[in-house]
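Each chain, written out:
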Amino acid sequence: MSKPLDYLDELESEAIYILREVAGQFERPALLFSGGKDSICLVHLALKAFRPSKFPFPLVHIDTGHNFQETISFRDNLVKKIDEKLIVRYVADTILNKKLQDGKGKFPTRNPLQTYTLLDVIEEFEFDACIGGARRDEEKARAKERIFSVRDEFGQWDPKMQRPELWNIYNGKINKGENVRVFPISNWTELDVWNYIKRENIHLPSIYFTHSRECILTENGQLMNTNEFVQREENDVVVKKNVRYRTVGDMTCTSAIESKASTVDDIIKELLETKISERGATRMDDRISEAAMEDRKKGGYF
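What you see is a predicted model, and the numbers here were worked out from it, not measured in a lab.

### Digging into the overall build of the chain
Turning to step 1, where the next piece is worked out: Along the chain, the regular secondary structure elements total 10 helices and 10 strands.
Turning to step 2, where the next piece is worked out: Relative to its full complement of 302 residues, the chain shows a buried share of 54%.
Turning to step 3, where the next piece is worked out: Put simply, the chain shows about 14,900 Å² of open surface, and 50% of that area lies on carbon and sulfur atoms.

### Focus on the packing of aromatic side chains
Turning to step 1, where the next piece is worked out: Tallying each qualifying case throughout the model produces 10 aromatic pairs.
Turning to step 2, where the next piece is worked out: Measuring from centroid to centroid gives 5.6 Å for Phe 55 and Phe 57, while their planes differ by 50 degrees, and the two rings are tilted. Exposure class is identical for Phe 55 and Phe 57. Each is buried.
Turning to step 3, where the next piece is worked out: A connected cluster of aromatic rings, assembled from ring pairs, spans Tyr 17, Phe 26, Phe 148 and Tyr 170.

### Some thoughts on the packing of helix H1 (residues 7-25) against helix H2 (residues 37-50)
Turning to step 1, where the next piece is worked out: The contact between H1 and H2 brings their axes to 9 Å, and the two run at 70 degrees. If you check the angle between H1 and H2, you find them roughly perpendicular. Along the contact surface, H1 presents Glu 12, Ala 15, Ile 16, Leu 19, Arg 20 and Ala 23, while H2 presents Leu 42, Leu 45, Ala 46, Lys 48, Ala 49 and Phe 50.
Turning to step 2, where the next piece is worked out: For the contact of H1 with H2, the class distribution of residues is nine nonpolar, no polar and three charged.

### A look at helix H4 (residues 91-98)
Turning to step 1, where the next piece is worked out: The complete set of buried residues in H4 reads Val 91, Thr 94 and Ile 95. Along the axis of H4, the buried residues cluster in a sector spanning 100 degrees; they form a single face. Across H4 from its buried face, at more than 90 degrees, point the exposed residues Leu 96 and Asn 97.
Turning to step 2, where the next piece is worked out: The secondary structure elements touched by the buried residues of H4 are strand S2 (59-63), strand S3 (86-90) and helix H5 (114-125).
Turning to step 3, where the next piece is worked out: Of the residues flanking the end of H4, it is Lys 99, one or two places downstream, whose phi is positive at about 55 degrees.

### Regarding the environment of Asn 195
Turning to step 1, where the next piece is worked out: With respect to the secondary-structure elements, Asn 195 resides in helix H7 (residues 190-200).
Turning to step 2, where the next piece is worked out: Separated by 70 residues in the primary sequence, Asn 195 and Asp 265 place their C-alpha atoms 8.6 Å from one another.
Turning to step 3, where the next piece is worked out: Apart from the residues within four sequence positions on either side, Asn 195 is in contact with Tyr 7, Leu 8 and Ile 268.

### Quick word on the confidence of the model for the chain
Turning to step 1, where the next piece is worked out: Within the chain, residue pLDDT values average 88, and 89% of them lie at 70 or more.
Turning to step 2, where the next piece is worked out: No element of the chain has a lower mean pLDDT than helix H10 (residues 292-298), at 55, and none a higher one than strand S1 (residues 29-32), at 98.

### Some words on the pattern of salt bridges
Turning to step 1, where the next piece is worked out: Within this structure, the stated rule accounts for 26 salt bridges.
Turning to step 2, where the next piece is worked out: Put simply, Arg 199 and Glu 12 hold a salt bridge, and the shortest N to O gap is 3.6 Å. Residue Arg 199 is located in helix H7, and its partner Glu 12 is located in helix H1; the two are separated by 187 residues in the primary sequence.
Turning to step 3, where the next piece is worked out: Using a relative accessible area of 32% as the deciding quantity, one classes Arg 199 as partly exposed.
Turning to step 4, where the next piece is worked out: Judged by relative accessible area, which is 11%, Glu 12 ranks as buried.
Turning to step 5, where the next piece is worked out: What emerges from the salt-bridge pattern is a single network uniting Asp 6, Asp 9, Glu 12, Lys 48, Arg 199 and Glu 200.

### Notes on the sheet that holds strand S10 (residues 255-258)
Backbone hydrogen bonds are what pair the strands of a sheet, in a parallel or an antiparallel way.
Turning to step 1, where the next piece is worked out: Pairing is antiparallel in the closed barrel, where four strands are placed in the order S7-S8-S10-S9. The sheet shows a mean angle of 60 degrees between the axes of neighbouring strands, direction not considered.
Turning to step 2, where the next piece is worked out: The pairing of strand S7 (residues 211-217) with strand S9 (residues 237-244) spans seven bridges and is antiparallel. By the bridge assignment for S9, Leu 217 is matched with Val 237.

Procedures and definitions
- Residues numbered from 1 in each chain as written.
- Predicted model: local features only at pLDDT ≥ 70, side-chain atom pairs only at ≥ 80, totals over all residues.
- Heavy atoms only, no water.
- Helix = DSSP H or I, 4+ residues; strand = E, 2+ residues; numbered from the N terminus.
- Buried < 20%, exposed > 50% of the residue type's maximum accessible area, 1.4 Å probe, protein only.
- Areas by Shrake-Rupley, 256 points an atom, 1.4 Å probe, with all protein chains shown as cover.
- Phe/Tyr/Trp six-rings, centres within 6.5 Å; stacked < 30°, edge-to-face > 60°.
- Axes fitted to C-alpha atoms, helices over the stretch in contact; angles between N-to-C directions.
- Parallel < 35°, antiparallel > 145°, perpendicular 65-115°, else oblique.
- Contact = heavy atoms within 4.5 Å.
- Nonpolar A, V, L, I, M, F, W, Y, C, P; charged D, E, K, R; others polar.
- Arc of directions from axis to C-beta.
- pLDDT = per-residue confidence, 0-100.
- Salt bridge = Lys/Arg side-chain N within 4 Å of Asp/Glu carboxyl O.
- Pairing = 2+ DSSP bridges.

Below, the structure is given as structure tokens:
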């Protein structure tokens, strides 16, 4: 008698089905890879979906130039290990080529500028589907998106013009110039991701686990990493804490949390006791306004 599926089996099965739908419905898909835990899980799922064949899409990293080195080193080692194609495009090049204004202020994030680089790489390679690791529990704008989320010929998203997705039927039909963003783990939660990481023994960058780091303590109580891009001031309160990162992005806008969690089990226990979403707790750029993420997504953001 076969063993009944548990909820992680069901989530995994759905994600693999979606990845195979992308391969079947689109001519030039890509997997957006940041080196963070969610995109690492996507790579793991793609290995299950397509091995022993090669992936039917390249990995694409939009590099802000403000990345944590632990993430970049992990990215390069993983790509070498699985022997898949990685395309990297740099926000710094986009800033020069398009004469854009680089990030300003104390924490000069380049996150909003990633949109320009992403739209350029979609046009360069004529990608018709971009697979991402966004989840509905991260942020309310992401909760509005479908699994197959259509973007117009300008790369823009209209939350009021979305297709119904009934009975796991995903409509990949698009007009020339349009593309689709695909979110295979949209129905997962942060806790689901960590439980899956535990079950599958997925390796992650060390930055996700507790370590000692020098941080600037902001007025809001956030612990911001000190680095060459942050504008240090005389009155900054600089502390050395045992911290970890719940999400990994541009290090000028991603804060750490105090933590003693050195194992996946520790992190799972920690998550069971928290009531704040990972982005709400750690991403400074999502606090600009109530609709900060939605506004960026309308303009073509991930």
